[in-house]
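A look at the structure
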Amino acid sequence: MGDIVVLLKPALNPEMIRGTQDGSVDFDYMPLKLSDIDRNAVEEAVMLRDQYFKGSKIYSISVVTWGPASKRDKDVKMAVQEGLAKGVDEAYIVEDDSIVPGDPVTTASAIVAVIRKFGLKPDLILAGEATIDGFSGQVAGRVAVKLGLPYVSFARKVELKGNSIVAERDVEDYVEVVEAPLPAVVSVTREINAPRPPTLVQIRMASRKPQHMVKLSDLEGVVTPKRRLAAARVLAVKRKQMIIEGKTLEETADKLLDALASEGVIKA
Amino acid sequence: MPTSMVVGSSEDDIAEALTVARQLGDAVIVAYGNVNTGSLAEYGHKVYHVKADDPESVFLAVKQVYDEVKPSLIVAPTNKNLKDALSRLSGLYDLPMATEVFNVKVSGSSASYTRGFLSGRALEDDQVPLPAVLLIAARKVPRAQKSQAKGEVVELQASPTVKVIERRPKERGGVNIETAELIVSVGRGFRSKEDLKLAFELAEALGAQIGCSRPIAADLKWLGEDHWVGLSGHKVAPRLYVAIGISGAPQHLAGITDAKVVVAINNDKSAPIFKNCDYGVVADLYQFVPVLTKRVKERLHR
């Protein structure tokens, strides 16, 4: 069996959002972290390798969307090392200030360029269904079509059968069981597994695994970003955060209903 | 004259997308699945139809029309099948693509739009060159009007490489949580499926719809996905949202940013939902919810 490639995005951490004075997203302040659903993709890669691809290697490819490298390098490496600790064998990181802020056009073309440049021959390319910052879920599909491979999106269960992959996928109105010949590209949902945290030994080993830093000049066919991010504003949702207490549960219930009635949201 | 292409599987979706697409002038429609093409033809645009509705077949049909028409703008609703199908079209021709967009404006050789960003905690305004692929957010624009002229209908065929072995319709309870005015929503604080009846009773007393967090719909499957509120589920905008036994993960909170008043009931006073609610009750839901239901009934009928 061939190798596995897993796509890992060092994404802006939405939980650490902060606005500047005028309410714009303060990108300089926001740290990056490994996108949540990518953890499921790594976990699935490791499980499939252990079950079907013994002796195969797992490569990760990350394309840095949010720069500049001087500010983001540490976060990027932390995110990638999390993948290495979980079981990725070798990581490729495309970090180049000439393609930030990136977009899915750039990311997909850079991933394909890395696969070609370094002669990776994956039987399976795994990705999360979407990333926590952009959440548009389009990079895996772009990579599949560029490589001319079958694409199975939103998989929540994956098995191998001979030289095919059988996956249960969660599309809009149906749950489908589909079969696709390998090599294939698969995007996974959170339901596919419960990612195990890496052990201390794994974390220590991770820093010794190969991490290849790749520049744009090393690659061919990378498309520069087409999306121009004109503005990004923090959505301020102000909630009152009032804790309602009473001597008895009845009193608490009444105080709550009084508050809701005075807001005009119920009549009780 | 520049042309746009609208893709969809229901007349509602297609009529909304047409409103956006017609900014550019003429349009063609690519419809897939079980849809009344005769009715679609009454919008006055040429209709291409493919019977299959799996993402790969839709991609193959869309590609065929794209190659023939060379549209400057592709507009579609945001759903999973089209995220898949149109990501492939976008990848093939390196087109910019965005999902859940609104405020779409087309001028000259570019389009601008707004969309949610950072798990619903921010909005981004983007500008992209044409041709571009835009998956629009539902119910943000009116439906386009039908026209006097009738468009031609062309049937397309597609032969996908991914084989569909089995297909099960998702459980649908006939609820439309996105338009609900009042929502009682349940989370992992409930210990069993049977216990959800505590919330059902409160919902009935209030006249509310039932919502739920991700684990209840996706992992435990206690409720169908049409109840799922959150980033990967449904975005809701009720005047009252009562979160019971929901801790308040960021992905869930992203789905309730448009709620007018949020009430949280949870026994863990450090749960993030209390930082994101208007009124919080720190209590065991098993004790508090029945009392609340009783008081709602008594007060509503006094």
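Residues numbered from 1 in each chain as written. Chains lettered and ligands numbered in written order. Predicted model: local features only at pLDDT ≥ 70, side-chain atom pairs only at ≥ 80, totals over all residues.

What follows deals with the overall build of chain A. Scanning chain A from N- to C-terminus turns up 6 helices and 13 strands. A principal-axis box enclosing the C-alpha atoms of chain A has dimensions of 70 × 45 × 40 Å. At a minimum sequence separation of 6, the contacts of chain A that also span at least 24 residues come to 74%. (Helix = DSSP H or I, 4+ residues; strand = E, 2+ residues; numbered from the N terminus. Contact = placed C-beta atoms within 7 Å.)

All right, on to the sheet that holds strand S14 (residues 261-266) of chain B then. Taken together, 6 strands build an open sheet; the order of strands is S13(A)-S15(B)-S14(B)-S13(B)-S11(B)-S12(B) and the sheet is parallel. Each of the sheet's edge strands pairs with one partner strand only, and the pair in question is strand S13 (242-243) of chain A together with strand S12 (209-212) of chain B. In terms of strand pairing, strand S11 (residues 182-186) of chain B meets S12(B) through 4 bridges, oriented parallel. Paired with B:Ile183 across the bridge in S12(B) is B:Gln209. Against the sheet, helix H5 (residues 197-206) of chain B contacts S11, S12 and strand S13 (240-244) of chain B, and its axis sits at roughly 175 degrees relative to S11(B). With respect to the sheet, helix H8 (residues 285-300) of chain B is in contact with S13, S14 and strand S15 (279-282) of chain B, its orientation differing from that of S14(B) by roughly 135 degrees. (Pairing = 2+ DSSP bridges. Axes fitted to C-alpha atoms, helices over the stretch in contact; angles between N-to-C directions.)

Here we come to the environment of A:Asn163. Residue and element names in this part refer to chain A. One can find Asn163 in the loop between strand S7 (151-161) and strand S8 (164-170). The class for Asn163 is exposed, based on 10 C-beta atoms found within 10 Å. Measuring from C-alpha to C-alpha, the distance between Asn163 and Arg116 comes to 22 Å, with 47 residues separating the pair along the chain. The contact partners of Asn163, leaving out residues within four places of it in the chain, are Pro181 and Leu182. (Buried ≥ 20, exposed ≤ 12 C-beta atoms within 10 Å, placed from the backbone.)

Let us look at the sheet that holds strand S12 (residues 228-234) of chain A. Two pairing modes exist for strands in a sheet, parallel and antiparallel, and in both the strands are linked by backbone hydrogen bonds. A sheet is described by the order of its strands in space; here 10 strands give the open sequence S12(A)-S7(B)-S6(B)-S5(B)-S8(B)-S4(B)-S1(B)-S2(B)-S3(B)-S9(B), paired in mixed fashion. Each edge of the sheet is formed by a strand with only one pairing partner; in this case those strands are S12 of chain A together with strand S9 (153-156) of chain B. For this sheet, the mean angle separating the axes of adjacent strands, direction not counted, is 25 degrees. The sheet strands contacting helix H4 (residues 80-93) of chain B are strand S1 (3-8), strand S4 (73-77), strand S5 (97-107) and strand S8 (132-136) of chain B, and the helix crosses S8(B) at an angle near 170 degrees.

Before going further, it helps to spend a moment on the interface of chain A and chain B. On the side of chain B, 68 residues touch chain A, which itself brings 70 residues to the contact. At the level of secondary structure, the elements contributing two or more residues to the side of chain A that touches chain B comprise helix H3 (104-117), helix H4 (139-147), S7, strand S9 (174-181), S12, S13 and helix H6 (249-263) of chain A. Ranked by residue count, the leading element in the side of chain A that touches chain B is H6(A), at 10 residues. For the side of chain A that touches chain B, a count of residues per class yields 42 nonpolar, 8 polar and 20 charged. Both S12(A) and strand S7 (residues 122-129) of chain B contribute to a ladder of 6 bridges, which runs antiparallel. Looking at the pairing, A:Arg233 lines up with B:Leu123 of S7(B). (Nonpolar A, V, L, I, M, F, W, Y, C, P; charged D, E, K, R; others polar.)

Before going further, it helps to examine the pairing of S1(B). Residues and elements named next belong to chain B. Among the 6 residues of S1, 5 are classified as buried, and the element is accordingly described as predominantly covered. Relative to strand S2 (residues 26-32), S1 runs parallel, the two sharing 6 bridges. Bridge pairing in S2 places Ser4 opposite Ala27. The handedness of the S1 to S2 crossover, carried by helix H1 (residues 11-21), is right-handed. In this sheet, S4 lies alongside S1 in parallel orientation, the contact comprising 3 bridges. (Right-handed = clockwise from strand over helix to strand, strands pointing away.)

It is worth spelling out the nonpolar core at this point. A:Val6 and A:Val186 are the most contacted members of the largest nonpolar core, which totals 135 residues. It is H3(A) that contributes the most residues to this core, 8 residues altogether. Apart from residues lying up to four places away in sequence, A:Val186 is in contact with A:Leu124, A:Leu126, A:Val152, A:Ala155, A:Val158, A:Ile165 and A:Ala167. Counting residues in hydrophobic clusters, the runner-up holds 53 residues, among them B:Ala17, B:Phe59, B:Leu86 and B:Leu95. (Core = buried A, V, L, I, M, F, W, Y, C linked by C-beta atoms within 7 Å.)

Take the domain arrangement of chain B next. As far as domains go, chain B holds domain 1 (3-156) and domain 2 (177-300). Centre-to-centre, using C-alpha coordinates, domain 1 of chain B lies 34 Å away from domain 2 of chain B. (Domains from an automatic or database assignment.)

Bringing the domain arrangement of chain A into the picture now. Interfaces are often sized by the amount of accessible area the parts lose when they come together. Domain boundaries assigned for chain A yield domain 1 (3-218) and domain 2 (238-268). Relative placement of domain 1 of chain A and domain 2 of chain A: their C-alpha centres are 45 Å apart.

With that out of the way, let us pick up the packing of helix H3 (residues 55-69) of chain B against H4(B). All names here are of chain B. Direction vectors running N to C along H3 and H4 enclose 45 degrees, while the axes themselves pass 8 Å from each other. When the axes of H3 and H4 are compared, the pair comes out oblique. Crossing geometry of H3 relative to H4 is assigned as right-handed. Touching Pro55, Val58, Phe59, Val62, Lys63 and Tyr66 of H3 are Asn81, Asp84, Ala85, Arg88, Leu89 and Leu92, all from H4. Here the contact of H3 with H4 is composed, by residue class, of 8 nonpolar, 1 polar and 3 charged. (Parallel < 35°, antiparallel > 145°, perpendicular 65-115°, else oblique. Left-handed = near helix turned anticlockwise from the far one by under 90°.)

Time to look at unusual backbone geometry. The step from A:Gly67 to A:Pro68 runs through a cis peptide bond, and the omega angle for that step is -5 degrees. Summarising the element assignment, A:Pro68 is placed in the loop between strand S4 (58-63) and helix H2 (69-86). The amide bond that connects A:Leu182 to the next residue, A:Pro183, takes the cis arrangement and shows omega of -5 degrees. Its place among the elements puts A:Pro183 in the loop between S9 and strand S10 (184-188). A positive phi is found at B:Lys70, a non-glycine position, where the angle reads about 50 degrees. Assignment of secondary structure puts B:Lys70 in the loop between H3 and S4. Residues other than glycine seldom take positive phi values, yet B:Leu118 does so here, at roughly 55 degrees. When you line up the elements, B:Leu118 lands in the loop between strand S6 (110-117) and S7. Among the residues examined, B:Leu118 registers 26 C-beta atoms within 10 Å and is labelled buried.

Before going further, it helps to examine the environment of A:Gly162. Residues and elements named next belong to chain A. Looking at the secondary structure, you find Gly162 in the loop between S7 and S8. What makes Gly162 exposed here is the crowd of 9 C-beta atoms within 10 Å. For the pair formed by Gly162 and Lys215, sequence separation is 53 residues and the distance between their alpha carbons is 38 Å.

This brings us to the packing of H5(B) against H8(B). Residues and elements named next belong to chain B. Running from N to C, H5 and H8 cross one another at 15 degrees; their axes reach a closest spacing of 9 Å. In terms of orientation, H5 and H8 fall into the roughly parallel class. The two elements H5 and H8 meet at a crossing, and its hand is left-handed. Residues Leu198, Ala199, Glu201, Leu202, Ala205 and Leu206 of H5 form the contact with H8, whose participating residues are Val289, Pro290, Leu292, Thr293, Val296, Lys297 and Leu300.

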